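# Geometric and topological summary
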Amino acid sequence: MYKTLLPTALCICLMACNTAEKSKPENYVEDSLNHEVVTFLEEYNTEIQGLYYASAKAQWELNTHIVEGDTMTSKKAAQAEEALAAFMGSEENIKKSTSYLEKAEALNATQIKQLEAILYNAGNNPSTVEDVVKERIAAETKQVEMLFGYQMTMDGEAIDGNEINAILKNSLNLNERLKAWEASKEVGATLKAGLENLQQLRNQSVQALGYEDYFDYQVSDYGMSKEELIASCESMIKDLWPLYRELHTWARYELAAKYGQEVPDFIPAHWLTNKWGQEWGAMVEIEGIDLDSELEAKGAEWIVKEGEAFYQSLGFEALPESFYTQSSLYPAPKDADYKKNSHASAWHLDLDKDVRSLMSIVPNTEWWGTTLHELGHIYYYMTYSNPDVPLVLRGGANRAYHEAMGSLIGLAALQKPFLVDRGLLSEEAELNQMQLLLSEALDFVVLIPWGAGVMTQFEHALYANNLPVDAYNKRWWELKKKYQGIVPPTTRGEEYCDAASKTHINNDAAQYYDYAMSNILLFQFHQHIATKILKQDPHATNYYGSKATGDFLKNLMVKGANVDWKKDLEEKLGEGMSAKAMADYFAPLMDYLKALNEGRKYTLAERL
Ligand code: X8Z
Ligand code: ZN
């Protein structure tokens with residue numbers, strides 16, 4: 001997969017080595033090579049830690065303290081990232097790792113993995129196109145500032161993301177909903193030119209080392225080609241399409257009744273409870289439980305502490321003190337003179353002990369799930385930060401694994417036996433199980449056509465097919481209709497860029513299929529835990545206190561990226577990645593929805 005560079009200097013060196021070999025013991029080449037590789041890797045790992053830490057700290061500042069008119073923070077962030085990029089993409093690092101990999105048979109698996117990771121890091125930052133890389137870094141920094149420094153307004157009043165979510169979750173007033181939805185999209189238009197610039201710069205950065213385009217580059221992290229990835233995404237969507245089609249039909253009728261409207265063929269985007277229509281779970285109020293009220297009474301700090309307690313009950317350590325002192329967990333105060341990135345993330349700043357999370361937690365069900373999701377990343381970081389995992393391999397088995405851990409815990413944390421155990425639900429409560437299953441499907445299943453369809457296809461078009469800027473919005477809404485059956489509330493011409501209102505399009509580009517894959521994987525992990533470890537019904541588990549479950553998760557995490565994820569999955573689950581566990585889990589819901597939808601008009605095709 002790595003494109004061969006033609007290192008002339010290397011050939012000379014090899015010839016010199018060969019001459020020397022004659023008078024040395026037979027294993028000399030291997031030994032001297034090994035010594036060289038060991039030294040090279042040690043130096044690389046040491047150097048990268050300092051540079052990465054400096055860059056991450058500057059990025060942290062940029063994302064947590066955005067002050068209008070301040071140019072210093074972004075300048076520092078760009079400089080630190082340039083220094084990191086210059087090292088990662090240096091000719092020396094590329095040449096050496098390429099040449100060592102040519103003699104892979106003399107190396108051990110961990111060395112090979114590290115060299116591959118070094119080349120992957122170089123792939124986005126080749127020093128041969130130093131100016132392009134610098135421009136890209138500056139453009140990315142600017143995009144983040146513009147996205148998160150943007151003041152959204154509704155009726156001329158400032159409004160934040162959590163407030164928009166609350167309107168979309170609760171309001172029955174379609175006019176108010178429309179205004180809130182539109183407010184959430186305003187920022188996209190301001191980011192359109194920046195996205196077009198990044199489309200070019202990202203592609204040019206990676207093309208220098210032989211990747212076809214930025215999408216190709218990001219996908220290669222999975223050891224897959226673009227075609228394989230797209231095929232895998234389409235197959236996930238296909239496997240879950242019958243269920244999605246039932247959910248879509250049910251939602252159209254449900255929402256129309258709720259807002260007192262005719263049943264539409266496709267769902268107007270502002271009818272849904274989420275700004276991008278990516279997860280619809282908040283639509284259902286589950287009889288027998290009012291988790292929002294429970295959580296509101298407990299407060300935002302409780303959510304983090306209880307999340308930590310859950311992981312600890314599985315056998316994970318307490319979070320380091322610095323997590324609490326250095327993280328930015330709650331929304332910036334209304335009167336603050338700075339803004340912050342409002343999207344949740346987890347950071348591994350020194351690739352060792354400095355772990356932090358950036359969130360804007362308010363006590364509600366959505367943030368309960370998101371907090372557990374972020375803690376999943378944090379515990380993944382903590383677990384592979386051990387002496388057996390070299391720094392350059394401190395990542396997930398693949399990126400989807402990293403996303404899966406905390407979402408899995410989030411799923412487990414909404415099941416009845418867990419809620420009862422944690423005092424969030426009384427034992428006698430008659431929880432409507434089918435509604436719970438429905439709300440789970442509205443989150444986990446609905447994300448698949450959004451993540452593997454809309455987002456993936458849009459970014460594939462953007463980077464692999466050079467989507468022209470005057471077709472961004474048109475393409476976006478075509479994909480929304482095709483994969484999700486969602487339409488815009490009003491005409492959205494090219495003066496908008498609704499895709500760019502989504503964080504990842506700007507600062508986590510060409511990677512969104514990670515989340516779709518993670519949902520698929522987490523149901524496989526969950527099925528294994530429920531049936532093989534806990535011996536409980538997958539719909540009614542209680543992970544709390546199960547050290548065996550914790551051991552299983554730690555075992556998935558502990559080697560970081562020092563595994564071949566496909567083999568790892570086979571080894572730990574006895575199967576490859578497959579939507580079957582997810583489809584099995586929701587099978588009872590399928591019958592329930594079919595009965596509810598009987599006689600209703602379906603508007604999505606039976607097959608995609
Ligand atoms: O971006 C995230 C995480 C980042 S660590 C909060 N998620 C996706 C999204 O919000 O679009 C989690 C699920 C999907
Ligand atoms: Zn995540």
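Provided above is the structure to which this section pertains.
Residues numbered from 1 in each chain as written. Chains lettered and ligands numbered in written order. Predicted model: local features only at pLDDT ≥ 70, side-chain atom pairs only at ≥ 80, totals over all residues. Heavy atoms only, no water.

### Thoughts on the packing of aromatic side chains
Enumeration over the complete set of coordinates arrives at 36 aromatic pairs. Pairing tryptophan 60 with tryptophan 347 gives two aromatic rings, centres 5.1 Å apart and planes at 90°, and the pair type is edge-to-face. Placement of tryptophan 60 in helix 2 (residues 28-64) and of tryptophan 347 in strand 4 (residues 345-348) is noted, with a sequence separation of 287 residues between them. Just as tryptophan 60 is buried, tryptophan 347 falls in that class too. (Phe/Tyr/Trp six-rings, centres within 6.5 Å; stacked < 30°, edge-to-face > 60°. Helix = DSSP H or I, 4+ residues; strand = E, 2+ residues; numbered from the N terminus. Buried < 20%, exposed > 50% of the residue type's maximum accessible area, 1.4 Å probe, protein only.)

### Some remarks on the coordination of the zinc ion (ligand 2)
Surrounding the zinc ion (ligand 2) are the protein donor atoms His373 (NE2), His377 (NE2) and Glu403 (OE), at 2.1 Å. Considering all 4 donor atoms around the zinc ion (ligand 2), the spread of angles at the metal, 89 to 147°, places the coordination shape in the irregular class. The motif formed by the donor residues of the zinc ion (ligand 2), counted along the single chain, is H-x3-H-x25-E. With histidine 373 in helix 14 (residues 365-384) and glutamate 403 in helix 15 (residues 399-412), the pair connects residues that are 30 residues apart, well separated along the chain. On the basis of relative accessibility, which here comes to 11%, the residue glutamate 403 falls in the buried class. (Donors = N, O, S within 2.8 Å, 3.2 Å for Na, K, Ca; no water. Tetrahedral: all angles 85-135°; square planar, octahedral: opposite > 155°, others 65-115°.)

### Looking at the site of ligand 1
Within the structure, ligand 1 sits among Gln278, His343, Ala344, His373, Glu374, His377, Leu447, Lys502, His504, Tyr512 and Tyr515. Within the side chain of tyrosine 512, an N or O atom sits 2.5 Å from an oxygen atom of ligand 1. In this structure, an oxygen atom belonging to ligand 1 sits 3.2 Å away from a side-chain N or O atom of tyrosine 515. Compared with its free state, where it exposes 370 Å², ligand 1 has 86% of that area covered by protein. (Near = heavy atom within 4 Å. Polar contact = N/O pair within 3.5 Å; in protein donor to acceptor, adjacent residues only side chain to side chain. Areas by Shrake-Rupley, 256 points an atom, 1.4 Å probe, with all protein chains shown as cover.)

### A word on the nonpolar core
Membership of the largest hydrophobic core comes to 177 residues, with the highest contact counts inside it found for Leu247, Trp280, Tyr401, Phe525, Leu553 and Phe586. With 15 residues, the single largest contributor to this core is helix 10 (residues 226-259). Ignoring any residue separated from it by four or fewer positions in sequence, one finds leucine 247 in contact with Trp280, Leu438, Ala441, Leu442, Val445, Val446, Leu589 and Leu593. Met152, Ile159, Leu168 and Ala183 belong to the second-largest nonpolar core, a separate cluster that totals 8 residues. (Core = buried A, V, L, I, M, F, W, Y, C linked by side-chain atoms within 4.5 Å. Contact = heavy atoms within 4.5 Å.)

### Comments concerning the pairing of strand 4
Taking every second residue as pointing to the same face, both faces of strand 4 are buried, with Ser345 and Trp347 on one and Ala346 and His348 on the other. Two strands pair when backbone bridges link them, and strand 4 and strand 5 (residues 355-358) are joined in this way by 4 bridges, in the antiparallel orientation. Residue serine 345 lies in a different strand from strand 5, and its bridge partner there is leucine 358. The turn joining strand 4 and strand 5, which pair antiparallel and follow one another in sequence, is formed by 6 residues; a positive phi near 55° is taken by leucine 351. (Pairing = 2+ DSSP bridges.)

### Topic: the side chain of threonine 383
Checked against the element boundaries, threonine 383 lands in helix 14. Residue classification places threonine 383 among the buried residues on the basis of a relative accessible area of 13%. Setting aside its immediate chain neighbours within four residues, threonine 383 contacts Phe316, Lys554, Met557 and Val558.

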